[in-house]
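Observations on the model geometry
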Amino acid sequence: MATQQPIIPQPVLKLDNIQGDILSGLPKKTETLYFFQITDAQKFRRDLVNFIPLVKSVAEVLKDREDIDKHKNGHGHGYGHGHNVRPHLIPIVGVNISFSHVGFKKLNIDDSKLHDTAFFKGQRLDAGENLGDKGTGTGESFVPDWDEPFKQDLHGVIIVTGDCHATVDKTLHNIEHIFGVGSNAPSIVEITSVRGDARPGKLSAHEHFGYLDGVSNPAIIGFDTNPPPGPAPIRPGVIVVGHDGDPNVKDRDDWMIDGSFFVFRYLFQKVPEFDDFVDRNKLNMPGLTEKENADLLGARLVGRWKSGAPLDLSPFKDDPKLGADPQRNNNFHFSAELNFQKLCPFAAHVRKTLPRADLESLGFSTERNRIMRRGIQFGPEVTKKEKADKKTYHGRGLVFACYQSSITNGFQFIQHSWVNNPTFPFGETTPEVPGIDPLLGRGPERKLSGVDPNDPSFELILDDEWVIPRGGEYFFSPSLKGLTETIALAA
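Note that the structure is predicted; figures quoted are calculated from it, not measured.

Cut-offs and rules
Chains are numbered independently. Their residues run from 1 in the order of the written sequence. The model is predicted, so local features are restricted to residues of pLDDT at least 70 and side-chain atom pairs to those at 80 or more, both for listing and for counting; the totals for chains, interfaces and linings are taken over all residues. The basis for the side-chain values is all heavy atoms of the structure; hydrogens and waters are excluded. Cavity: a set of points on a 1 Å grid over the protein atoms alone where a 1.4 Å probe fits but cannot get out. Pocket: an open set with protein on both sides within 12 Å along at least five of seven lines, its lining residues, like those of a cavity, having an atom within 4 Å of a point. Grid points are joined across faces, edges and corners, and a volume is the space filled by probe spheres set on the points. Put simply, DSSP H or I for four residues or longer makes a helix, DSSP E for two residues or longer makes a strand, and each gets a number counted from the N terminus. Gly falls in the polar group here, along with every residue not listed as nonpolar (Ala, Val, Leu, Ile, Met, Phe, Trp, Tyr, Cys, Pro) or charged (Asp, Glu, Lys, Arg). The quantity known as pLDDT measures the predictor's confidence residue by residue, on a range of 0 to 100. We call two residues in contact whenever any of their non-hydrogen atoms come within 4.5 Å of each other. Exposure classes here rest on a 1.4 Å probe applied to the protein chains alone. A residue is buried below 20% of its type maximum, exposed above 50%, and partly exposed in between.

**Quick look at empty space enclosed by the protein**
The rolling of a water-molecule-sized probe over the atoms marks out the regions of remaining empty space. Under the defined criterion, the tally for this structure stands at one cavity of 30 Å³ or more. For the largest cavity, the calculated volume is near 60 Å³. Lining of the largest cavity is provided by Arg265, Leu267, Phe400, Phe411, Gln415, Leu440 and Arg442. Those elements giving two or more residues to the lining of the largest cavity turn out to be β7 (260-269) and α15 (411-419). Partitioning the lining of the largest cavity into residue classes produces four nonpolar, one polar and two charged.

As structure tokens, this is what we get:
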């Protein structure tokens with residue numbers, strides 16, 4: 001009889017110790033990212049003692065979401081008691097904090113066992129070597145074409161989310177008071193702030209090109225109890241340091257456990273120009289109107305219709321009911337060997353960033369490359385003049401944010417090896433050269449195949465870049481225990 005192998009217990013996720021944005025996402029209608037430099041390391045570490053009680057954990061976020069659901073379902077004041085009006089938003093605020101490698105150096109915190117070359121290098125230098133951002137110089141002398149504040153060292157970022165600007169601004173004022181901002185002896189100085197806002201009405205959850213966003217975040221084993229159908233749930237250590245799935249789980253300092261790497265990218269979108277390109281290059285599928293042919297091209301660039309319906313399930317016509325159904329809108333696998341690019345181009349944005357069966361059918365797992373996205377839109381809606389002139393006059397885009405236990409396996413790998421790589425996906429199932437991701441891809445040859453369902457070898461030349469990076473950094477979000485026992489100093 002075979003000897004039964006002992007079951008080795010895995011660490012349980014401590015939801016009261018993990019910062020709230022990582023696994024559950026801080027609830028938000030608006031969000032401000034406050035980027036700072038530390039001016040007095042010792043005072044900052046003492047000031048943290050008063051700041052840490054503001055930091056919201058996953059457990060607290062779950063309680064907030066429960067309160068929000070009760071409010072929406074009629075338990076809020078003035079709703080569900082004969083008043084046919086939508087309830088007002090309940091005032092909820094969320095605060096999280098993360099540090100860069102140079103921030104930890106400033107605080108004299110040994111972060112060597114974070115074991116992440118991208119984090120140690122910083123995004124400003126990584127932007128040229130691995131991300132493909134435009135800039136001047138090479139190697140250590142590379143300077144990306146970013147907004148000036150992001151060319152400076154950023155020691156940390158404080159995230160504040162809430163139901164409205166007033167809630168967030170009041171909290172930020174209190175936080176600045178804790179760190180002495182405006183006094184003669186502050187422990188931090190603000191470098192810049194970025195504010196994002198959910199788009200209005202039915203456009204909420206849609207990015208500025210109009211496509212439903214955030215559909216395919218991974219389900220986490222041991223956290224998500226009833227995940228919707230789709231890609232297999234991943235081990236918690238792919239996102240949270242110190243757990244099963246963390247590539248360096250056996251070599252972490254205690255203060256790193258329950259933390260996560262936070263990637264920020266400031267992405268501007270040229271919406272009128274994108275809409276014009278889609279219209280000028282619209283397809284010519286019989287039975288479709290000109291607008292439907294333009295919408296089809298846009299969907300084939302993204303891999304989803306604006307409703308969120310995936311091309312793999314609804315390849316030639318939008319299906320809003322499918323797009324709005326979480327039980328169906330992520331339950332597809334890109335069965336490449338069956339359809340090649342007939343249903344969805346290999347280089348479509350959602351296929352490039354999560355290739356599913358394109359790799360799984362070749363025996364490769366994508367688990368280690370999964371990330372937890374937490375972005376929000378910024379900037380005004382497109383104006384009538386911008387639509388008429390087909391030109392962007394006002395800054396708008398996406399505050400891209402994601403979490404992972406390894407930036408080199410997660411965000412950096414996705415951008416460098418998938419998004420920017422014209423030969424990916426690869427293998428016998430890709431008879432044509434896929435091309436680059438039309439939205440996020442960087443490279444000298446801006447083209448992709450597969451946009452014409454009836455001629456997959458046709459290559460569409462992308463005559464513009466519609467997503468422009470203007471800043472970013474790599475951070476680490478420590479646990480509440482790590483903040484309290486290692487980074488903060490008792491007065």
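**A closer look at the confidence of the model for the protein**
Looking at the protein, the pLDDT average stands at 93 and 93% of residues meet or exceed 70. Across residues 1-9, confidence stays below pLDDT 50; counting only partners more than four residues off in sequence or on other chains, it has zero contacts. Residue range residues 76-83 is modelled with pLDDT below 50. Its contacts to residues more than four positions away, or to other chains, number 14 contacts.

**Considering the environment of Ile52**
Secondary-structure assignment places Ile52 in the loop between α2 (41-51) and α3 (58-75). Among the residues examined, Ile52 registers a relative accessible area of 10% and is labelled buried. With 371 residues separating them along the chain, Ile52 and Thr423 place their C-alpha atoms 47 Å apart. Leaving out residues up to four positions away in the same chain, Ile52 has contacts with Leu480, Leu483, Thr484 and Ala488.

**Some details on unusual backbone geometry**
Peptide bonds are, in most cases, trans, and in most cases residues other than glycine have a negative phi. Here the amide bond leading from Phe424 into Pro425 is cis, since omega sits at -5 degrees, within 30 degrees of zero. Mapped onto the elements of the fold, Pro425 is located in the loop between α15 and β11 (447-449). Backbone geometry at Ala205 places phi at a positive 80 degrees, although glycine is not the residue there. Tracing the backbone shows Ala205 in the loop between β6 (188-197) and β7. Positive phi, close to 55 degrees, is recorded for Lys390, a residue that is not glycine. Judged by relative accessible area, Lys390 falls into the partly exposed class, the value being 44%.

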